[in-house]
Amino acid sequence: DPATRLNGSFPASAWVYDRQASSYFDAIFLGKSSTSWYSWSLRTDDQNRLQFAISNGGSWIGATDSIALAQNTWTLVTATWDQATNTARLSKNATQVATFTSAITRQAHDQGTLIGYYPQENSFFDGKIDEATLFNRALSATEITADYNAGLSGKSAAKLPLISSWSGEGDATD
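The text that follows walks through the structure, step by step, so that each part is easy to find. (Residues numbered from 1 in each chain as written. Predicted model: local features only at pLDDT ≥ 70, side-chain atom pairs only at ≥ 80, totals over all residues. Heavy atoms only, no water.)

With that settled, consider the nonpolar core. Counting 24 residues, the largest nonpolar core has Ile28, Phe29, Trp40, Leu42, Phe52, Trp81 and Leu90 as its most contacted members. Secondary-structure elements contributing two or more residues to this core are β1 (10-18), β2 (26-31), β3 (40-44), β4 (49-55), β6 (74-82), β7 (87-92), β8 (95-101) and β12 (127-135). Here the element with the most residues in this core is β1; it accounts for 4 residues. Formed by 6 residues, the second largest nonpolar core is a distinct cluster that contains Phe25, Leu30, Ala53 and Tyr118. (Core = buried A, V, L, I, M, F, W, Y, C linked by side-chain atoms within 4.5 Å. Buried < 20%, exposed > 50% of the residue type's maximum accessible area, 1.4 Å probe, protein only. Helix = DSSP H or I, 4+ residues; strand = E, 2+ residues; numbered from the N terminus.)

Turning next to the sheet that holds strand β5 (residues 60-68). The strands making up a sheet associate through hydrogen bonds between their backbones, and the pairing can be parallel or antiparallel. One open sheet holds the 5 strands; their spatial order is β5-β4-β3-β2-β9, and the pairing between them is antiparallel. If you trace the sheet from one side to the other, it starts and ends with β5 and β9 (113-115), each paired once. Between one strand axis and the next, the sheet turns by 15 degrees as a mean value, whatever way the strands run. When β2 meets β3, the two strands line up antiparallel, connected through 5 bridges. Considered in β3, the bridge of Leu30 is made with Ser41. (Pairing = 2+ DSSP bridges. Axes fitted to C-alpha atoms, helices over the stretch in contact; angles between N-to-C directions.)

Quick look at the structure:
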């Protein structure tokens, strides 16, 4: 879907329930690129820490949480890219846990967005992903907190600039 190709500022947000630590990267979101295997990725790393990575086609830079993602519990994860300042922010349960600013030129996101799948390793996120949402501008800390407070029963996203949302209600529309 062309609407899910994010080439300016954006946040990606989802509730995740991680069942077990990964020995490699487990993608929550992956923005695909035709010139390299990804433009951006919200994932867990090989130590099960939440990570938001930006690729320039030859290398990547990431904002990485210092604490592993909790297992067997729901956690709101939000990655925000601010194109104007080249700043990445990573939040867990509405609390910022990592950030970076870099002169990196992000690879074009021209091939859609994957949820829960890392194609280069043919691996799937080992857990549940709910309320996966993409927005068309960076969210403020207040907006991220409102999403967190809305919980799994329904995001406050209807009031925000949505690009796309997948509610994950376990039916044919997922």
